[in-house]
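# Notes for the structure review
One letter stands for each residue in the lines below.
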Amino acid sequence: MKAQVPSLDCSLCPRLVDFRTENRRQYPDYHNAPVAAFGPDDAQLLILGLAPGLKGANCTGRPFTGDYAGDLLYATLKKFNLAEGNYEKRSDDGLTLRGCRIVNAVRCVPPANKPTTDEIRTCNSFLASELESLKQLTVVVALGRVAHDALLMASGLKRSHFKFEHAAVHDLQKGVQLVDSYHCSRYNTNTGRLTETMFHDVFAKAQKLLSEKTES
Ligand code: SF4
């Protein structure tokens, strides 16, 4: 079953619709619409981000494409053989993902990169549908606490049972495991909260979990 996806003019979040309208006026060449998931729908690994960046995914129309967070994420995916081709910060650069898929908890760009609790909740039905459609899913890497919480909400699980902690692994339902990571934002890397090595270690962990599942 295909995941339910929002229309390009999804009007469920009034504040984000206003921001979209303003961005369409100010940046007419940008995508300026909900950003669809990227990657094969038989992926075993899902990478869950927060929301499109104004001049990143909101511009290019592909998750994590065009801003700093994407530089680190796609370089890491290539390092772990999860992406093929050259990442050139454009949605038509020909880059493909291998066994992994990327989606954001909130599909429209929020002002100041901060979606409200209501917006996260409203967009969560699309995430729940995405999870439902990924029949091979075994590992999710959540980039940041908001993504972690959104995944639990979409899975019908209690936050109090799964505490966000960088590099923690949580056993969820139906054999799916969650690996937490600090978000690969420029802010987190500039402040040293997340180093490249720490980020690579998260993906090494995710890849180990994936290979254990394949062997079992
Ligand atoms: S964030 Fe999600 S639910 Fe809200 S308007 Fe965008 S696509 Fe629709």
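Going by the structure above, here's the rest.
Let me begin by describing the structure that accompanies this report. By convention here, each chain's residues receive numbers from 1 onward along its written sequence. Totals for whole chains, interfaces and linings use every residue, but because this is a predicted model, local features are given only for residues with pLDDT of at least 70 and side-chain atom pairs only at 80 or more, for both listing and counting. Side-chain figures throughout are based on the complete set of non-hydrogen atoms in the structure, without hydrogens or water.

## Comments concerning the packing of helix α3 (residues 68-79) against helix α7 (residues 196-215)
What counts is decided by this rule: Axes here refer to lines fitted to C-alpha atoms; in helices the fit is confined to the stretch in contact. Angles between the N-to-C directions go from 0 to 180 degrees. Secondary structure elements are taken from DSSP: a helix is a run of H or I of four residues or more, a strand is a run of E of two residues or more, and numbering for both begins at the N terminus. Any angle that is under 35 degrees is reported as roughly parallel, and any over 145 degrees as roughly antiparallel; angles of 65 to 115 degrees are reported as roughly perpendicular and all others as oblique. Handedness of a crossing is defined here by the sense of rotation of the near helix relative to the far one, left-handed for an anticlockwise turn of less than a right angle and right-handed for a clockwise turn. Whether two residues are in contact is decided by their heavy atoms: any pair within 4.5 Å suffices. All amino acids are sorted into three groups, where Ala, Val, Leu, Ile, Met, Phe, Trp, Tyr, Cys and Pro are nonpolar, Asp, Glu, Lys and Arg are charged, and the leftover types, Gly among them, are polar.
Axis separation between α3 and α7 bottoms out at 10 Å; the angle between their running directions is 50°. Taken together, the axes of α3 and α7 lie oblique to each other. For the element pair α3 and α7, the recorded crossing hand is right-handed. Mapping the contact onto sequence places Leu72, Leu73, Thr76, Leu77 and Lys79 in α3 and Glu196, Phe199, His200 and Phe203 in α7. When the residues that make up the contact of α3 with α7 are grouped by side-chain class, the tally is 5 nonpolar, 2 polar and 2 charged.

## Focus on the pairing of strand β4 (residues 100-104)
We count it as follows: Per-residue accessibility, obtained with a 1.4 Å probe over protein chains only, is compared with the maximum for each type, and a residue is labelled buried under 20%, exposed over 50%, and partly exposed between these values. If DSSP finds at least two bridges between two strands, the strands pair.
Judged by how many residues are buried, β4 sits mostly within the fold: 5 of 5 residues are covered. Here β4 shows no split at all, with Cys100, Ile102 and Asn104 on one side and Arg101 and Val103 on the other all buried. Bridge count for strand β1 (residues 45-49) against β4 is 5 bridges, and the pairing is parallel. Its bridge partner lying in β4, Leu46 is registered against Arg101.

## Describing the layout of surface pockets
Put simply, the rule reads: The distinction between a cavity and a pocket rests on a 1 Å grid over the protein atoms alone: a 1.4 Å probe fits inside a cavity but cannot get out, while a pocket stays open yet meets protein on both sides within 12 Å along at least five of seven lines, and a residue with an atom within 4 Å of a point counts as lining. Grid points are joined across faces, edges and corners, and a volume is the space filled by probe spheres set on the points.
Each pocket or cavity is described by its volume, and for the largest pocket that value is around 800 Å³. Forming the boundary of the largest pocket are 28 residues, of which Leu50, Asn113, His183, Ser185 and Asn188 lie nearest the centre. Of all the secondary structure elements, the ones that give two or more residues to the lining of the largest pocket are α3, α5 (145-155) and α6 (186-190). The residue inventory of the lining of the largest pocket, partitioned by class, reads 16 nonpolar, 7 polar and 5 charged. Along the walls of the second largest pocket sit 14 residues, with Leu131, Glu132, Leu137, Lys174 and Val176 positioned nearest its centre. Mapped by element, the contributors of at least two residues to the lining of the second largest pocket are α4 (117-133) and α5. Of the residues that constitute the lining of the second largest pocket, the class distribution is 9 nonpolar, 2 polar and 3 charged.

## Quick word on the site of the ligand
Heads up, the rule is: We define proximity as follows: a residue is near a molecule or strand when any one of its heavy atoms falls within 4 Å of that partner. Any molecule with more than half of its atoms within 2 Å of a cavity's or pocket's grid points is counted as sitting in it.
Close to the ligand lie 13 residues; Pro6, Cys10, Cys13, Cys108 and Cys123 are nearest. Spatially, the ligand is embedded in the largest cavity. The leading source of residues in the shell around the ligand is α4, at 3 residues. A per-class count over the shell around the ligand returns 10 nonpolar, 1 polar and 2 charged.

## Points about the sheet that holds strand β6 (residues 169-171)
Read across the sheet, 5 strands follow the order β4-β1-β5-β7-β6 without closing on themselves; strand pairing throughout is mixed. Edge positions in the open sheet fall to β4 and β6, since each of these has one partner strand only. Each strand of the sheet is rotated relative to its neighbour by a mean of 20°, with strand direction disregarded. Sheet strands touched by α7: β1, β5 (139-143), β6 and β7 (177-181). Its angle to β7, the strand with the most contacts, is close to 175°.

## A few points about the pairing of β7
Burial within β7 is extensive, with 5 of its 5 residues counted as buried. Along β7, one buried face is formed by Gln177, Val179 and Ser181 and the opposite face, lined by Leu178 and Asp180, is buried too. Of the strand pairs in this sheet, β5 and β7 are connected by 5 bridges, and their pairing is parallel. Opposite Val141, over in β7, you have Val179 as the bridge partner. Pairing geometry for β6 and β7, over 3 bridges, is antiparallel. Bridging from a neighbouring strand, His170 pairs with Leu178 of β7. The turn linking β6 back onto β7 is made up of 5 residues, and Lys174 within it adopts a positive phi angle of 55°.

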